[in-house]
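# Coordinates in review
So the chains spell out like this:
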Amino acid sequence: MSPTRSTLFRFLCLLGLTLLCAMPAAGEDNAPETAADNANTIRRTTEFVDINASWPVLNIPRVDDESRAFVTGLVDSFEQEVTALAADPSTDPSSQMFPYELSISHDVTYPSSRVAAVLWNVWSFTGGAHGMLDIVAGNYDRGTGYPLLLEDLFLDPNLAVLQFSKVARRVLSEPDEGSEDGAGIPDEMLIAGTEPVEDNFRTFIVTPSGIRLHFQPYQVAPWAAGPQVVEVSLDELQAAKPNLEFWDIANPAQ
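Now for a quick tour of the structure. (Residues numbered from 1 in each chain as written. Predicted model: local features only at pLDDT ≥ 70, side-chain atom pairs only at ≥ 80, totals over all residues. Heavy atoms only, no water.)

### Here we look at the sheet that holds strand β8 (residues 210-215)
As a reminder of what qualifies: Pairing between two strands requires that DSSP report at least two bridges joining them. The way it works is that DSSP assigns letters per residue, a run of H or I at least four long becomes a helix, a run of E at least two long becomes a strand, and they are numbered from the N terminus. Axis geometry follows a simple rule: fit a line to the C-alpha atoms, using only the stretch in contact for helices, then measure angles between N-to-C directions, giving values from 0 to 180 degrees.
The three strands are arranged β7-β8-β9 in an open sheet whose pairing can be described as antiparallel. In this open sheet, the two edge strands, each paired with only one partner strand, are β7 (204-207) and β9 (228-233). Across the sheet, the mean angle from the axis of one strand to that of its neighbour is 20 degrees, orientation sign disregarded. Direction of pairing for β8 relative to β9: antiparallel, over a ladder of six bridges. Residue I211 lies in a different strand from β9, and its bridge partner there is V232.

Right under this line is the structure:
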C-alpha cells in the first residue's frame, strides 16, 4: 500500500493547484459513519479513514475553484484507495493499521497588492514509521486569479533558478547550532536537492521582500531534520530581473 499510495499522492500534489476532476462519490456501503462537510471543510471518520481537510476562500473565483478541486480530489482519491484496499480479500488485516489518516491544511498570505499566495501541507499516514508530508505552493495574480510562474515573476527565470540554487546551498550548508553535534545537512542530499533545475524549486512563495523556497522532506535533508525553508531576497535576485510590480515596487524606466 505505501509505495502505491505514495506514488498516487506525489503525482496529485505535483499537479499543484490545477483543477482536478472530481472522482465519483463512494456508494452507500462506504458512507462515512460521521461527517462534517462545510463550505470549505471536510471532516470524515470511518472504520478505515480519518480525514480532516480544508481550503481557503479568497473571494477570487478562479483560485477558490482550484483550491476546492485540489482538496476534494485528494480526499476522494485517498478515501477510495483505502476503501479498495480494505475490501481486497488478499489484504492481510493484521498488517494494516486502520484508520488511515489524511490532513490537508493551508496558509494564505498577501505579500503585495498584486499577489495572493497559498501554502498547502498535505499530511497522510498509512502505516510505517511515520506519516508522509507533501508541501504544495501556489502564487496568484489577485486581479485575474491566474497562477504566477517563474517566467511571470522574472524576465530571466533560468537565472532566478541558478540564484535559488546558490543561496539555498549557502544557507543550508551552515552548521545547525540546534543539533546535538552541530552537524549540518549531508552534502550528498544538499547537492542533489538543490541542483539548479526548476523542478527542485517548484515549491515557492512570494514574500514582501523576495521569494521563500520550501523543500520537501528528504529533498535536501533527512526526515528528522524536517522540511527546510530558505529565504531569497530581491537583492539576491536582481540579476534575474524581477518584475517588481508583483512586489509593489515600480520597475525602473528602461
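### Considering unusual backbone geometry
Excluding glycine, residues mostly carry a negative phi; peptide bonds, for their part, are mostly trans. Applicable threshold: Exposure classes here rest on a 1.4 Å probe applied to the protein chains alone. A residue is buried below 20% of its type maximum, exposed above 50%, and partly exposed in between.
For Y218, which is not glycine, the phi torsion reads 75 degrees and is therefore positive. Within the secondary structure, Y218 sits in the loop between β8 and β9. One non-glycine residue with positive phi stands out, namely K241, at about 55 degrees. The residue K241 is located in the segment after β9 in this model. With a relative accessible area of 48%, K241 lands in the partly exposed category.

### Structural notes on the pattern of salt bridges
The criterion, for reference: Salt bridges are defined by distance alone: a side-chain nitrogen of Lys or Arg within 4 Å of a carboxyl oxygen of Asp or Glu.
Counted according to the given criterion, the structure contains nine salt bridges. The residue D199 makes a salt bridge to R202 at a minimum N-O spacing of 3.4 Å. What you see here is one network of salt bridges that share partners, running through R114, D141 and E245.

### With respect to the pairing of strand β3 (residues 49-54)
Two faces make up the sheet, and in a regular strand the side chains alternate between them. Bridge analysis of strand β2 (residues 41-45) against β3 gives five bridges, and the strand direction is antiparallel. Bridge assignment links R43 to a residue of β3, and that residue is N52. Two successive antiparallel strands, β2 and β3, enclose a turn made up of three residues. The pairing of β3 with strand β4 (residues 100-109) spans five bridges and is classified as parallel. Residue pairing for β4: I51 is matched across the bridge by L102.

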